[in-house]
Amino acid sequence: MTGTGGTREKKSSNFHSDLPPPPEQPKQGTFASLRIRNYRLFFSGQVVSNVGTWMNRIAQDWLVFTLTGNNPVALGVAAALQFAPTLFLSLYAGVLADRLDKRKLLILLQSAMAGCAVILGVLDVSGLVQVWHVYVLCLVFGVFVALETPVRQSFTSEMVGVGQISNAVALNSSSFNLARVVGPAVAGLLIIWVGTGVVFLINAATTAAVITGLLMMRPSELHRGPVIARKKGQLREGLRYVRGRADLVAVLTLVFCVSTFGITFFTTLAIMAANVFHKEADGYGLLSTMLAVGTLAGALLAARRSVRGTPRLRMVFGSALVFGVLEIAAGLMPTYTSFAIALIPVGLVLMTFMNTANTTVQLSVDQEMRGRVMGLYMLVFLGGNPIAGPMTGWLADQFGGRSTFLVGGVMSILAALVLGLVLRWRAGLAARRVEARGTV
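Fair warning: this is a prediction, and the values are worked out from it, not measured in the lab. (Residues numbered from 1 in each chain as written. Predicted model: local features only at pLDDT ≥ 70, side-chain atom pairs only at ≥ 80, totals over all residues. Heavy atoms only, no water.)

> What's the story with the overall build of the protein in this structure? I'm lost.
For the protein, the count of helices and strands is 17 helices and 0 strands. A buried classification covers 57% of the 440 residues belonging to the protein. Across the protein, contacts joining residues at least 24 apart in sequence account for 88% of those joining residues at least 6 apart. Split by element, the accessible area of the protein, about 18,000 Å² in all, is 66% carbon and sulfur. (Helix = DSSP H or I, 4+ residues; strand = E, 2+ residues; numbered from the N terminus. Buried < 20%, exposed > 50% of the residue type's maximum accessible area, 1.4 Å probe, protein only. Contact = heavy atoms within 4.5 Å. Areas by Shrake-Rupley, 256 points an atom, 1.4 Å probe, with all protein chains shown as cover.)

> Just checking my understanding: could you explain the environment of Tyr284 for this structure?
Relative to the assigned elements, Tyr284 resides in helix α12 (residues 281-305). Here the alpha-carbon distance between Tyr284 and Ala270, two residues 14 residues apart in the chain, equals 5.7 Å.

> Even after reading the chapter, I still don't get the nonpolar core, so can you show me in this structure?
Nonpolar side chains in soluble globular proteins tend to end up buried together. Counting 84 residues, the largest nonpolar core has Leu254, Phe265, Leu269, Phe339 and Tyr377 as its most contacted members. The element that contributes the greatest number of residues to this core is helix α14 (residues 336-363), accounting for 13 residues. Discounting chain neighbours no more than four positions away, the residues touching Phe265 are Arg180, Leu291, Phe323, Glu327, Val346, Leu350 and Phe405. Of all hydrophobic cores here, the second largest spans 26 residues; its members include Leu147, Met159, Ala170 and Leu222. (Core = buried A, V, L, I, M, F, W, Y, C linked by side-chain atoms within 4.5 Å.)

> Is there a simple way to explain the packing of helix α9 (residues 234-243) against helix α10 (residues 246-262) in this structure?
If you want to describe how two helices pack, look at the angle between their axes and the distance between the axes. Contact geometry for α9 and α10: axes closest at 6 Å, N-to-C directions at 100°. When the axes of α9 and α10 are compared, the pair comes out roughly perpendicular. Contacts between α9 and α10 pair Tyr241, Val242 and Arg243 from the former with Leu248, Val249 and Leu252 from the latter. Class assignment of the residues belonging to the contact of α9 with α10 gives a composition of 5 nonpolar, no polar and 1 charged. (Axes fitted to C-alpha atoms, helices over the stretch in contact; angles between N-to-C directions. Parallel < 35°, antiparallel > 145°, perpendicular 65-115°, else oblique. Nonpolar A, V, L, I, M, F, W, Y, C, P; charged D, E, K, R; others polar.)

> Any chance you could explain the packing of aromatic side chains here in plain terms?
Using the criterion set out here, one finds 9 aromatic pairs in the structure. Their ring planes at 70° and their centres at 6.5 Å tell us that Phe42 and Phe155 sit as a pair that is edge-to-face. Residue Phe42 is found in helix α2 (residues 37-67), and its partner Phe155 is found in helix α6 (residues 131-160); the two are separated by 113 residues along the sequence. Given a relative accessible area of 0%, Phe155 falls into the buried group. Relative to Phe399, the ring of Trp394 lies with its centre 5.6 Å away and its plane at 80°, an arrangement referred to as edge-to-face. Each residue in the set Tyr39, Phe42, Phe43 and Phe155 is aromatic and connected to the rest through ring pairs, giving one cluster. (Phe/Tyr/Trp six-rings, centres within 6.5 Å; stacked < 30°, edge-to-face > 60°.)

The structure is reproduced here in structure tokens:
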């Protein structure tokens, strides 16, 4: 690793040179990646499965709410348990992604996640479910998610190749957010009509779509990198790689701050719906749908922008700053209708930030390190949720539901400003050093 130190210093001192244009540029367009058969199979399965995932999230939140008498702290505990395994397993999952067959690993993990939904659905339909059952299953499900997410993220480049990573990441987000438009609204109606238990079972059934897509892929058409043999110190090697890149450290730190304090909608929307605007499950589902309209629009715009080349760091930090401003504005909206409408631009800018940050990280790392770096990326993106869940519940309980939006917006703004200024200062310092060497 010491032999490349000078190269890393050069990368960290230049905002844009660390993101070279991909070496291959196939046909472009908003949906360019869908021309690739393996990715098309994956995308199709994800559209169906993600609808079930969003239905499951709404049903789970509402089940916890009803079992605990609309207790926001209990909702925060459930979120913390579901995301806590990320703290311990994401980095190891990144190592597995670099070592093992990602497609086969995804099939195994998706099957396990479906099993959790089946168990919760059966307990709920039978009338035996208690809040501790939900907590235990949140923890178990979180283990599988912590292992699956870095593998799935790094698998994107294997399906489409380096030249289409930016477009494929944006389309993955559009699939996720298209489901986010449909899933919560459908879940809100189904919860009223047939109950939360049936929603959990539907989610388990939809997982078969993504598993089928993975099984139908042609392994010979995957863009696999060199096989990484198992050896000691691979996790530390990945951490040293990131530590030597100031640009990666700054982006990952920003992602942690925004996701931990700003992206808390899984708990805050339920709190706003029930405790601030006094709505039922359908009102909560509508808020999630309105946010998803914005995130879907943001994902499609990102897919369209991907034809212009690689993203710039200024877009990462600028979108985080604007997101914080819009989140504060949404938290101050006086009525349910105005709050719901304000969620659309919040979602659009949020997706711009998430897609740009993800693509920036994937395109700026070596292929043999991508799994481990994405494991770290998912750790900082999801690892703050064990903090965010109880924190948002406590804030809502002590200061009202709006406080979570105000605090999240302020923290996002501060993180974007401070980290952006630090990177600019480092870039200026490095430029002065180069200039000084040239004059000697």
